[in-house]
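Here's the letter readout for the chains.
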Amino acid sequence: MAQLWGGRFTKETDKMVYAFNASISFDQVLYKQDIQGSIAHAMMLARQGILTEKEHRLIEEGLKEILREIECGELNITEEFEDIHSFVEANLINKIGEAGKKLHTGRSRNDQVALDMKLYTKIQVEKMDGLLKELLFVLLTIMKEHLHTYMPGFTHLQKAQPTTLAHHMGAYFEMFKRDRHRLKGCLKRMDECPLGAGALAGTTYPLDREYTAKILGFERPTLNSMDSVSDRDYLIELLSHLSIIMMHLSRFCEEIILWNSNEYQFIELDDAYATGSSIMPQKKNPDIGELVRGKTGRVYGALLSLLTTMKGIPLAYNKDMQEDKEMAFDGIDTVQNCIALFTGMLKTVKWKKERMEESAKKGFSNATDAADYLVKKGVPFRDAHEIVGRLVLYCMDKGGAIDDLSMEEFHRVSPIFEQDIFEAVSLKACVERRCTLGAPGKEAMEKVISIYETYFEEEALL
Ligand code: ARG
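Residues numbered from 1 in each chain as written. Predicted model: local features only at pLDDT ≥ 70, side-chain atom pairs only at ≥ 80, totals over all residues. Heavy atoms only, no water.

K.L.:
I keep staring at the site of the ligand and nothing clicks. Help me out?
P.N.:
All residues in the neighbourhood of the ligand are listed as S23, D27, D83, H85, R109, N110, V113, Y317, Q322 and K325. Here an oxygen atom of the ligand sits 2.5 Å away from a polar atom, N or O, in the side chain of Y317. Take K325: an N or O atom from its side chain is 2.7 Å from an oxygen atom of the ligand. The greatest single-element share of the shell around the ligand, amounting to three residues, is contributed by helix α6 (residues 109-145). For the shell around the ligand, the residue count by class is two nonpolar, four polar and four charged. (Near = heavy atom within 4 Å. Polar contact = N/O pair within 3.5 Å; in protein donor to acceptor, adjacent residues only side chain to side chain. Helix = DSSP H or I, 4+ residues; strand = E, 2+ residues; numbered from the N terminus. Nonpolar A, V, L, I, M, F, W, Y, C, P; charged D, E, K, R; others polar.)

K.L.:
Quick question: what am I supposed to make of the packing of helix α4 (residues 53-71) against helix α5 (residues 84-96) here?
P.N.:
Relative orientation and spacing of two packed helices are given, respectively, by the angle between their axes and the distance between those axes. At a minimum axis distance of 9 Å, the contact between α4 and α5 shows a crossing angle of 115°. Crossing angle aside, the handedness with which α4 passes α5 is right-handed. For the pair α4 and α5, contact is made by L58, I59, G62, L63, E65, I66, E69 and I70 and by F87, V88, N91, L92, K95 and I96, respectively. (Axes fitted to C-alpha atoms, helices over the stretch in contact; angles between N-to-C directions. Left-handed = near helix turned anticlockwise from the far one by under 90°. Contact = heavy atoms within 4.5 Å.)

K.L.:
What is the right way to read the side chain of S23 from this model?
P.N.:
Among the secondary structure elements, S23 is positioned in the loop between α1 (15-21) and α2 (24-27). In terms of polar contacts, S23 uses its side chain to reach the side chain of D27, at 2.6 Å. Not counting chain neighbours up to four residues away, the residues in contact with S23 comprise E82, D83 and Q322.

K.L.:
I keep staring at the pairing of strand β2 (residues 158-164) and nothing clicks. Help me out?
P.N.:
Sheet topology note: the strand β1 (residues 150-155)/β2 ladder contains six bridges and is antiparallel. Directly across from P152, in β2, lies its bridge partner P162. Once β1 ends, the chain turns through two residues before running back antiparallel as β2, passing H156 with a positive phi of about 55°. (Pairing = 2+ DSSP bridges.)

K.L.:
Looking at this structure, how should I read the side chain of K118?
P.N.:
Here K118 shows up in helix α6. Buried and unpaired, K118 has D231 as its nearest opposite-charge partner, separated by 4.5 Å. Apart from the residues lying within four places of it in its own chain, the contact partners of K118 are M190, E192, P194, F218, T222, D231 and Y234. (Buried < 20%, exposed > 50% of the residue type's maximum accessible area, 1.4 Å probe, protein only. Lys, Arg positive; Asp, Glu negative; His and termini not counted. Salt bridge = Lys/Arg side-chain N within 4 Å of Asp/Glu carboxyl O.)

K.L.:
Sorry, what's going on with a nonpolar patch on the surface here?
P.N.:
Taken together, the side chains of L200, M226 and L315 make up a nonpolar region of the molecular surface, amounting to roughly 280 Å² of accessible area. Looking at the secondary structure, you find M226 in helix α9 (residues 225-230). Judged by its relative accessible area of 34%, M226 is partly exposed. (Patch = residues over 30% accessible without salt bridge, like charges linked within 9 Å, V, L, I, M, F, W, Y side chains within 5 Å. Areas by Shrake-Rupley, 256 points an atom, 1.4 Å probe, with all protein chains shown as cover.)

Function cannot be read off these values alone, since they describe shape.
See below:
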(Lines give C-alpha, C1' and ligand atoms only; values in the text may rest on other atoms or scores of the structure.)
Protein backbone atom coordinates (compact mmCIF):
# COMPACT_ATOMS: atom_id res chain seq x y z
CA MET A 1 0.00 0.00 0.00
CA ALA A 2 1.47 3.31 -1.06
CA GLN A 3 -0.39 6.55 -0.43
CA LEU A 4 0.03 10.26 -0.98
CA TRP A 5 -1.78 11.31 2.17
CA GLY A 6 -0.28 9.54 5.21
CA GLY A 7 0.56 12.66 7.31
CA ARG A 8 -2.50 13.11 9.49
CA PHE A 9 -3.14 9.40 10.04
CA THR A 10 -1.92 7.36 12.98
CA LYS A 11 -3.14 3.99 11.81
CA GLU A 12 -2.67 1.92 8.67
CA THR A 13 -5.70 1.76 6.40
CA ASP A 14 -7.67 -1.43 6.77
CA LYS A 15 -6.78 -3.77 3.89
CA MET A 16 -10.35 -4.18 2.71
CA VAL A 17 -10.91 -0.44 2.91
CA TYR A 18 -7.81 0.13 0.85
CA ALA A 19 -8.91 -2.29 -1.82
CA PHE A 20 -12.45 -0.91 -1.85
CA ASN A 21 -11.20 2.65 -2.18
CA ALA A 22 -8.54 2.00 -4.80
CA SER A 23 -9.17 2.63 -8.47
CA ILE A 24 -5.84 1.70 -10.05
CA SER A 25 -7.15 -1.61 -11.37
CA PHE A 26 -9.27 0.33 -13.85
CA ASP A 27 -7.96 3.91 -13.99
CA GLN A 28 -4.54 2.72 -15.16
CA VAL A 29 -5.80 3.09 -18.72
CA LEU A 30 -5.46 6.83 -18.09
CA TYR A 31 -1.66 6.72 -17.65
CA LYS A 32 -0.93 8.60 -20.87
CA GLN A 33 -3.42 11.38 -20.17
CA ASP A 34 -2.22 11.63 -16.57
CA ILE A 35 1.34 12.17 -17.73
CA GLN A 36 0.28 14.53 -20.50
CA GLY A 37 -1.68 16.63 -17.98
CA SER A 38 1.23 16.69 -15.55
CA ILE A 39 3.69 17.80 -18.23
CA ALA A 40 1.37 20.69 -19.14
CA HIS A 41 0.88 21.61 -15.48
CA ALA A 42 4.65 21.65 -14.82
CA MET A 43 5.28 23.70 -17.94
CA MET A 44 2.80 26.29 -16.76
CA LEU A 45 4.17 26.29 -13.20
CA ALA A 46 7.64 27.08 -14.59
CA ARG A 47 6.28 29.76 -16.89
CA GLN A 48 4.64 31.41 -13.88
CA GLY A 49 7.86 31.21 -11.87
CA ILE A 50 6.39 28.67 -9.43
CA LEU A 51 8.94 26.03 -10.45
CA THR A 52 12.54 26.77 -11.45
CA GLU A 53 13.62 25.90 -14.97
CA LYS A 54 15.77 23.12 -13.55
CA GLU A 55 12.89 21.61 -11.58
CA HIS A 56 10.70 21.83 -14.63
CA ARG A 57 13.28 20.08 -16.80
CA LEU A 58 13.74 17.29 -14.27
CA ILE A 59 9.99 16.81 -13.92
CA GLU A 60 9.32 16.78 -17.64
CA GLU A 61 12.18 14.40 -18.39
CA GLY A 62 11.13 12.15 -15.52
CA LEU A 63 7.53 12.03 -16.69
CA LYS A 64 8.55 11.28 -20.26
CA GLU A 65 10.82 8.52 -19.03
CA ILE A 66 7.97 7.00 -17.01
CA LEU A 67 5.76 7.09 -20.10
CA ARG A 68 8.42 5.38 -22.16
CA GLU A 69 9.00 2.73 -19.50
CA ILE A 70 5.27 1.97 -19.19
CA GLU A 71 4.88 1.71 -22.95
CA CYS A 72 7.79 -0.65 -23.47
CA GLY A 73 6.83 -2.79 -20.50
CA GLU A 74 9.82 -1.89 -18.29
CA LEU A 75 7.54 -0.35 -15.68
CA ASN A 76 4.47 -2.29 -14.60
CA ILE A 77 1.51 -0.45 -13.16
CA THR A 78 1.10 -2.30 -9.91
CA GLU A 79 -1.85 -2.34 -7.57
CA GLU A 80 0.17 -1.29 -4.53
CA PHE A 81 -0.86 2.28 -5.46
CA GLU A 82 -4.29 3.73 -4.88
CA ASP A 83 -4.77 5.20 -8.31
CA ILE A 84 -2.91 6.10 -11.48
CA HIS A 85 -2.21 9.64 -10.21
CA SER A 86 -0.46 8.31 -7.10
CA PHE A 87 1.41 5.77 -9.19
CA VAL A 88 2.84 8.34 -11.59
CA GLU A 89 3.70 10.86 -8.87
CA ALA A 90 5.35 8.27 -6.62
CA ASN A 91 7.41 6.96 -9.52
CA LEU A 92 8.45 10.48 -10.43
CA ILE A 93 9.61 11.22 -6.88
CA ASN A 94 11.41 7.91 -6.88
CA LYS A 95 13.18 8.84 -10.08
CA ILE A 96 14.09 12.54 -9.64
CA GLY A 97 13.77 13.08 -5.87
CA GLU A 98 12.86 16.47 -4.31
CA ALA A 99 11.76 18.22 -7.53
CA GLY A 100 9.16 15.49 -8.06
CA LYS A 101 7.46 16.50 -4.82
CA LYS A 102 6.69 19.92 -6.32
CA LEU A 103 4.68 18.68 -9.30
CA HIS A 104 1.40 18.66 -7.39
CA THR A 105 1.71 22.36 -6.44
CA GLY A 106 -1.59 24.14 -7.10
CA ARG A 107 -3.31 20.95 -8.17
CA SER A 108 -5.62 18.37 -6.63
CA ARG A 109 -6.41 14.87 -7.76
CA ASN A 110 -9.93 16.21 -8.25
CA ASP A 111 -9.04 18.50 -11.13
CA GLN A 112 -6.39 16.02 -12.24
CA VAL A 113 -8.84 13.14 -12.66
CA ALA A 114 -11.41 15.42 -14.28
CA LEU A 115 -8.77 16.40 -16.81
CA ASP A 116 -7.55 12.85 -17.45
CA MET A 117 -11.06 11.59 -18.09
CA LYS A 118 -11.82 14.41 -20.50
CA LEU A 119 -8.60 13.91 -22.44
CA TYR A 120 -9.28 10.18 -22.65
CA THR A 121 -12.90 10.61 -23.66
CA LYS A 122 -12.02 13.06 -26.43
CA ILE A 123 -9.65 10.56 -28.05
CA GLN A 124 -12.13 7.69 -27.75
CA VAL A 125 -14.97 9.72 -29.23
CA GLU A 126 -12.78 10.65 -32.18
CA LYS A 127 -11.93 6.98 -32.66
CA MET A 128 -15.59 6.06 -32.48
CA ASP A 129 -16.42 8.71 -35.04
CA GLY A 130 -13.85 7.18 -37.40
CA LEU A 131 -15.49 3.75 -36.96
CA LEU A 132 -18.92 5.19 -37.69
CA LYS A 133 -17.55 6.89 -40.77
CA GLU A 134 -16.26 3.54 -42.00
CA LEU A 135 -19.66 1.96 -41.41
CA LEU A 136 -21.33 4.76 -43.36
CA PHE A 137 -18.89 4.18 -46.18
CA VAL A 138 -19.79 0.49 -46.33
CA LEU A 139 -23.49 1.42 -46.35
CA LEU A 140 -22.97 3.85 -49.20
CA THR A 141 -21.10 1.21 -51.21
CA ILE A 142 -24.00 -1.23 -50.76
CA MET A 143 -26.46 1.49 -51.72
CA LYS A 144 -24.63 2.24 -54.95
CA GLU A 145 -24.55 -1.44 -55.89
CA HIS A 146 -28.19 -2.19 -55.11
CA LEU A 147 -30.30 0.55 -56.63
CA HIS A 148 -32.23 -2.17 -58.47
CA THR A 149 -32.25 -4.89 -55.86
CA TYR A 150 -35.97 -5.05 -55.15
CA MET A 151 -37.25 -6.22 -51.81
CA PRO A 152 -40.36 -5.89 -49.70
CA GLY A 153 -40.59 -2.91 -47.37
CA PHE A 154 -42.34 -3.76 -44.13
CA THR A 155 -44.65 -2.18 -41.60
CA HIS A 156 -45.68 -4.27 -38.58
CA LEU A 157 -43.24 -6.82 -40.02
CA GLN A 158 -45.82 -7.43 -42.75
CA LYS A 159 -44.92 -6.83 -46.36
CA ALA A 160 -46.17 -3.34 -47.13
CA GLN A 161 -44.77 -1.74 -50.28
CA PRO A 162 -41.88 -2.67 -52.52
CA THR A 163 -38.58 -0.92 -52.05
CA THR A 164 -34.92 -1.57 -52.78
CA LEU A 165 -31.97 -2.70 -50.73
CA ALA A 166 -30.34 0.67 -51.44
CA HIS A 167 -33.33 2.42 -49.89
CA HIS A 168 -33.34 0.13 -46.85
CA MET A 169 -29.61 0.69 -46.26
CA GLY A 170 -30.17 4.42 -46.70
CA ALA A 171 -32.38 4.42 -43.62
CA TYR A 172 -29.45 3.16 -41.56
CA PHE A 173 -27.16 5.69 -43.22
CA GLU A 174 -29.40 8.43 -41.85
CA MET A 175 -29.35 6.92 -38.34
CA PHE A 176 -25.58 6.62 -38.14
CA LYS A 177 -25.14 10.04 -39.70
CA ARG A 178 -27.19 11.50 -36.87
CA ASP A 179 -25.09 9.51 -34.40
CA ARG A 180 -21.91 11.14 -35.71
CA HIS A 181 -23.54 14.52 -35.42
CA ARG A 182 -24.48 13.86 -31.80
CA LEU A 183 -20.92 12.77 -30.96
CA LYS A 184 -19.60 15.93 -32.52
CA GLY A 185 -21.95 18.04 -30.40
CA CYS A 186 -20.84 16.20 -27.28
CA LEU A 187 -17.18 16.84 -28.12
CA LYS A 188 -17.87 20.51 -28.61
CA ARG A 189 -19.64 20.94 -25.29
CA MET A 190 -16.98 19.09 -23.30
CA ASP A 191 -14.14 21.05 -24.83
CA GLU A 192 -13.31 23.02 -21.65
CA CYS A 193 -10.26 22.32 -19.52
CA PRO A 194 -10.82 21.71 -15.77
CA LEU A 195 -7.12 21.82 -14.83
CA GLY A 196 -6.42 24.54 -12.29
CA ALA A 197 -9.73 24.15 -10.49
CA GLY A 198 -7.82 22.56 -7.62
CA ALA A 199 -9.79 20.57 -5.07
CA LEU A 200 -12.88 22.73 -5.57
CA ALA A 201 -12.07 26.40 -5.01
CA GLY A 202 -9.15 27.16 -7.29
CA THR A 203 -5.75 27.95 -5.78
CA THR A 204 -3.82 30.89 -4.39
CA TYR A 205 -0.97 30.30 -6.86
CA PRO A 206 -0.99 32.47 -9.96
CA LEU A 207 -1.86 29.65 -12.34
CA ASP A 208 -2.38 30.43 -16.01
CA ARG A 209 -5.41 28.32 -16.87
CA GLU A 210 -5.77 29.72 -20.38
CA TYR A 211 -2.28 28.51 -21.12
CA THR A 212 -2.78 24.91 -19.90
CA ALA A 213 -6.15 24.74 -21.67
CA LYS A 214 -4.46 25.78 -24.89
CA ILE A 215 -1.50 23.44 -24.75
CA LEU A 216 -3.75 20.52 -23.84
CA GLY A 217 -5.85 21.18 -26.95
CA PHE A 218 -9.01 22.53 -25.28
CA GLU A 219 -11.09 25.37 -26.65
CA ARG A 220 -11.02 27.22 -23.30
CA PRO A 221 -10.75 26.67 -19.53
CA THR A 222 -13.86 25.92 -17.45
CA LEU A 223 -15.41 28.89 -15.64
CA ASN A 224 -16.40 27.48 -12.27
CA SER A 225 -13.97 25.46 -10.20
CA MET A 226 -16.68 23.60 -8.26
CA ASP A 227 -18.41 22.51 -11.44
CA SER A 228 -15.04 21.64 -13.01
CA VAL A 229 -14.30 18.92 -10.47
CA SER A 230 -17.82 17.55 -10.19
CA ASP A 231 -19.13 17.72 -13.74
CA ARG A 232 -19.78 14.33 -15.28
CA ASP A 233 -22.45 15.61 -17.70
CA TYR A 234 -20.29 14.92 -20.72
CA LEU A 235 -19.99 11.24 -19.76
CA ILE A 236 -23.72 10.94 -19.23
CA GLU A 237 -24.29 12.67 -22.54
CA LEU A 238 -21.80 10.41 -24.24
CA LEU A 239 -23.36 7.28 -22.75
CA SER A 240 -26.76 8.40 -23.97
CA HIS A 241 -25.37 8.91 -27.47
CA LEU A 242 -23.71 5.51 -27.23
CA SER A 243 -27.01 4.00 -26.14
CA ILE A 244 -28.66 5.40 -29.26
CA ILE A 245 -25.85 3.98 -31.42
CA MET A 246 -26.41 0.58 -29.80
CA MET A 247 -30.16 0.87 -30.34
CA HIS A 248 -29.48 1.47 -34.05
CA LEU A 249 -27.01 -1.39 -34.27
CA SER A 250 -29.40 -3.64 -32.40
CA ARG A 251 -32.27 -2.92 -34.80
CA PHE A 252 -29.96 -3.58 -37.72
CA CYS A 253 -28.78 -6.84 -36.12
CA GLU A 254 -32.36 -7.92 -35.62
CA GLU A 255 -32.91 -7.55 -39.36
CA ILE A 256 -29.67 -9.33 -40.22
CA ILE A 257 -30.72 -12.21 -37.97
CA LEU A 258 -34.18 -12.38 -39.56
CA TRP A 259 -32.85 -12.07 -43.08
CA ASN A 260 -30.30 -14.81 -42.43
CA SER A 261 -33.00 -17.18 -41.19
CA ASN A 262 -34.24 -20.09 -43.25
CA GLU A 263 -37.63 -18.41 -43.53
CA TYR A 264 -36.32 -15.23 -45.16
CA GLN A 265 -33.05 -16.24 -46.83
CA PHE A 266 -32.46 -12.65 -47.97
CA ILE A 267 -28.79 -12.89 -47.04
CA GLU A 268 -26.08 -15.33 -46.24
CA LEU A 269 -23.54 -14.40 -43.62
CA ASP A 270 -19.91 -14.92 -44.49
CA ASP A 271 -18.37 -17.96 -42.79
CA ALA A 272 -15.90 -15.67 -41.04
CA TYR A 273 -18.78 -13.87 -39.31
CA ALA A 274 -20.96 -16.83 -38.37
CA THR A 275 -20.67 -19.69 -35.91
CA GLY A 276 -21.70 -23.33 -35.81
CA SER A 277 -23.58 -25.49 -33.34
CA SER A 278 -21.86 -28.18 -31.29
CA ILE A 279 -24.76 -30.55 -31.81
CA MET A 280 -26.65 -29.56 -34.96
CA PRO A 281 -24.31 -29.89 -37.93
CA GLN A 282 -26.56 -27.97 -40.32
CA LYS A 283 -26.48 -24.75 -38.32
CA LYS A 284 -24.81 -21.49 -39.25
CA ASN A 285 -25.68 -19.06 -36.53
CA PRO A 286 -25.68 -15.26 -36.55
CA ASP A 287 -23.97 -15.02 -33.14
CA ILE A 288 -22.26 -11.71 -33.87
CA GLY A 289 -25.57 -10.02 -34.61
CA GLU A 290 -27.09 -11.55 -31.50
CA LEU A 291 -24.17 -10.47 -29.33
CA VAL A 292 -24.25 -6.91 -30.60
CA ARG A 293 -28.01 -6.86 -29.97
CA GLY A 294 -27.40 -8.34 -26.52
CA LYS A 295 -24.64 -5.92 -25.57
CA THR A 296 -27.05 -3.03 -26.02
CA GLY A 297 -28.20 -3.84 -22.50
CA ARG A 298 -24.78 -3.15 -20.97
CA VAL A 299 -24.53 0.25 -22.59
CA TYR A 300 -28.04 1.28 -21.49
CA GLY A 301 -27.05 -0.08 -18.07
CA ALA A 302 -23.96 2.12 -17.93
CA LEU A 303 -26.05 5.19 -18.73
CA LEU A 304 -28.65 4.42 -16.08
CA SER A 305 -25.97 3.54 -13.60
CA LEU A 306 -24.08 6.81 -13.97
CA LEU A 307 -27.24 8.89 -13.95
CA THR A 308 -28.20 7.21 -10.70
CA THR A 309 -24.74 7.61 -9.20
CA MET A 310 -24.78 11.34 -9.89
CA LYS A 311 -28.31 12.17 -8.82
CA GLY A 312 -27.81 12.87 -5.15
CA ILE A 313 -24.26 14.19 -5.02
CA PRO A 314 -23.79 17.55 -3.29
CA LEU A 315 -21.16 19.90 -4.66
CA ALA A 316 -18.34 19.48 -5.22
CA TYR A 317 -16.20 16.32 -5.66
CA ASN A 318 -17.35 13.19 -3.86
CA LYS A 319 -15.84 9.76 -4.14
CA ASP A 320 -19.02 8.44 -5.71
CA MET A 321 -17.69 9.98 -8.90
CA GLN A 322 -14.93 7.42 -9.14
CA GLU A 323 -17.72 5.08 -10.25
CA ASP A 324 -17.89 6.93 -13.57
CA LYS A 325 -14.86 5.13 -14.91
CA GLU A 326 -15.74 1.47 -15.21
CA MET A 327 -19.09 2.37 -16.72
CA ALA A 328 -17.69 4.85 -19.20
CA PHE A 329 -14.76 2.61 -20.16
CA ASP A 330 -17.00 -0.40 -20.64
CA GLY A 331 -19.54 1.59 -22.65
CA ILE A 332 -16.84 3.03 -24.89
CA ASP A 333 -15.06 -0.32 -25.45
CA THR A 334 -18.32 -2.14 -26.09
CA VAL A 335 -19.56 0.35 -28.66
CA GLN A 336 -16.23 0.54 -30.47
CA ASN A 337 -16.05 -3.25 -30.72
CA CYS A 338 -19.65 -3.56 -31.80
CA ILE A 339 -19.32 -0.98 -34.59
CA ALA A 340 -16.11 -2.57 -35.88
CA LEU A 341 -17.52 -6.11 -35.85
CA PHE A 342 -20.81 -5.06 -37.33
CA THR A 343 -19.05 -3.24 -40.16
CA GLY A 344 -16.98 -6.34 -40.95
CA MET A 345 -20.09 -8.51 -40.94
CA LEU A 346 -22.02 -6.14 -43.20
CA LYS A 347 -19.16 -5.78 -45.64
CA THR A 348 -19.04 -9.54 -46.23
CA VAL A 349 -22.76 -10.34 -46.35
CA LYS A 350 -23.97 -12.10 -49.49
CA TRP A 351 -27.20 -10.47 -50.67
CA LYS A 352 -29.62 -12.93 -52.26
CA LYS A 353 -31.25 -10.62 -54.76
CA GLU A 354 -33.56 -13.19 -56.34
CA ARG A 355 -35.00 -14.24 -52.99
CA MET A 356 -35.66 -10.64 -52.02
CA GLU A 357 -37.36 -9.89 -55.30
CA GLU A 358 -39.44 -13.05 -55.14
CA SER A 359 -40.51 -12.17 -51.62
CA ALA A 360 -41.54 -8.67 -52.67
CA LYS A 361 -43.65 -10.15 -55.46
CA LYS A 362 -45.39 -12.64 -53.23
CA GLY A 363 -46.49 -10.31 -50.49
CA PHE A 364 -48.97 -8.12 -52.41
CA SER A 365 -46.61 -5.24 -51.83
CA ASN A 366 -47.89 -3.75 -55.10
CA ALA A 367 -51.49 -3.56 -53.87
CA THR A 368 -51.25 0.21 -53.23
CA ASP A 369 -49.96 0.64 -56.77
CA ALA A 370 -52.91 -1.30 -58.15
CA ALA A 371 -55.23 1.03 -56.23
CA ASP A 372 -53.34 4.10 -57.47
CA TYR A 373 -53.76 2.73 -61.00
CA LEU A 374 -57.53 2.75 -60.58
CA VAL A 375 -57.42 6.25 -59.12
CA LYS A 376 -55.65 7.41 -62.28
CA LYS A 377 -58.54 5.89 -64.25
CA GLY A 378 -60.97 8.07 -62.29
CA VAL A 379 -61.98 5.74 -59.43
CA PRO A 380 -62.10 7.48 -56.01
CA PHE A 381 -59.32 6.12 -53.76
CA ARG A 382 -61.69 4.59 -51.18
CA ASP A 383 -63.44 2.55 -53.92
CA ALA A 384 -60.13 1.61 -55.48
CA HIS A 385 -58.97 0.35 -52.07
CA GLU A 386 -62.07 -1.87 -51.88
CA ILE A 387 -61.63 -3.25 -55.42
CA VAL A 388 -57.97 -4.11 -54.86
CA GLY A 389 -58.91 -5.66 -51.52
CA ARG A 390 -61.14 -8.05 -53.41
CA LEU A 391 -58.38 -8.65 -55.92
CA VAL A 392 -56.03 -9.63 -53.10
CA LEU A 393 -58.63 -11.97 -51.63
CA TYR A 394 -59.03 -13.63 -55.04
CA CYS A 395 -55.24 -14.06 -55.34
CA MET A 396 -55.03 -15.51 -51.85
CA ASP A 397 -57.70 -18.08 -52.68
CA LYS A 398 -55.96 -18.96 -55.86
CA GLY A 399 -52.49 -18.82 -54.35
CA GLY A 400 -50.73 -16.32 -56.61
CA ALA A 401 -49.56 -12.71 -56.94
CA ILE A 402 -51.39 -9.74 -58.46
CA ASP A 403 -48.82 -9.67 -61.27
CA ASP A 404 -49.73 -13.26 -62.23
CA LEU A 405 -53.43 -12.62 -62.91
CA SER A 406 -54.80 -12.73 -66.44
CA MET A 407 -56.77 -9.85 -67.98
CA GLU A 408 -59.89 -11.94 -67.68
CA GLU A 409 -59.30 -12.41 -63.94
CA PHE A 410 -58.75 -8.67 -63.45
CA HIS A 411 -62.04 -8.03 -65.21
CA ARG A 412 -63.85 -10.48 -62.97
CA VAL A 413 -63.16 -8.04 -60.12
CA SER A 414 -63.52 -4.77 -62.05
CA PRO A 415 -64.05 -3.83 -65.71
CA ILE A 416 -61.92 -0.73 -65.29
CA PHE A 417 -58.64 -2.65 -65.51
CA GLU A 418 -56.98 -2.40 -68.90
CA GLN A 419 -53.92 -3.89 -70.53
CA ASP A 420 -51.61 -1.30 -68.93
CA ILE A 421 -52.32 -2.77 -65.47
CA PHE A 422 -49.54 -5.30 -66.03
CA GLU A 423 -46.92 -2.60 -66.35
CA ALA A 424 -48.45 -0.64 -63.47
CA VAL A 425 -48.11 -3.46 -60.97
CA SER A 426 -44.73 -4.78 -62.09
CA LEU A 427 -42.29 -4.60 -59.22
CA LYS A 428 -39.81 -2.49 -61.13
CA ALA A 429 -42.43 0.06 -62.17
CA CYS A 430 -43.85 0.22 -58.63
CA VAL A 431 -40.47 1.18 -57.22
CA GLU A 432 -39.23 3.39 -60.02
CA ARG A 433 -42.36 5.54 -59.97
CA ARG A 434 -41.64 6.46 -56.36
CA CYS A 435 -39.38 9.38 -57.02
CA THR A 436 -40.21 11.92 -54.35
CA LEU A 437 -37.05 12.91 -52.47
CA GLY A 438 -36.29 10.19 -49.93
CA ALA A 439 -38.21 7.48 -51.84
CA PRO A 440 -36.69 4.32 -53.39
CA GLY A 441 -37.05 5.24 -57.09
CA LYS A 442 -33.72 5.33 -58.90
CA GLU A 443 -33.78 9.04 -59.62
CA ALA A 444 -34.57 9.98 -56.04
CA MET A 445 -31.97 7.55 -54.70
CA GLU A 446 -29.28 8.89 -57.00
CA LYS A 447 -29.90 12.38 -55.73
CA VAL A 448 -29.54 11.21 -52.12
CA ILE A 449 -26.43 9.21 -52.95
CA SER A 450 -24.79 12.28 -54.42
CA ILE A 451 -25.62 14.21 -51.23
CA TYR A 452 -23.94 11.41 -49.26
CA GLU A 453 -20.85 11.58 -51.48
CA THR A 454 -20.52 15.27 -50.66
CA TYR A 455 -21.06 14.45 -47.00
CA PHE A 456 -17.87 12.41 -47.06
CA GLU A 457 -15.97 15.14 -48.86
CA GLU A 458 -17.14 18.00 -46.67
CA GLU A 459 -16.70 17.13 -43.02
CA ALA A 460 -18.29 20.50 -42.25
CA LEU A 461 -21.67 19.04 -43.16
CA LEU A 462 -21.55 16.54 -40.31
N1 ARG B 1 -9.48 7.93 -8.00
C2 ARG B 1 -10.21 9.15 -7.82
C3 ARG B 1 -11.36 9.22 -8.84
O4 ARG B 1 -11.32 8.51 -9.79
C5 ARG B 1 -9.30 10.31 -8.03
C6 ARG B 1 -9.70 11.51 -7.31
C7 ARG B 1 -9.43 11.32 -5.86
N8 ARG B 1 -9.78 12.47 -5.10
C9 ARG B 1 -10.05 12.40 -3.82
N10 ARG B 1 -10.37 13.49 -3.25
N11 ARG B 1 -10.00 11.29 -3.15
O12 ARG B 1 -12.30 9.94 -8.68
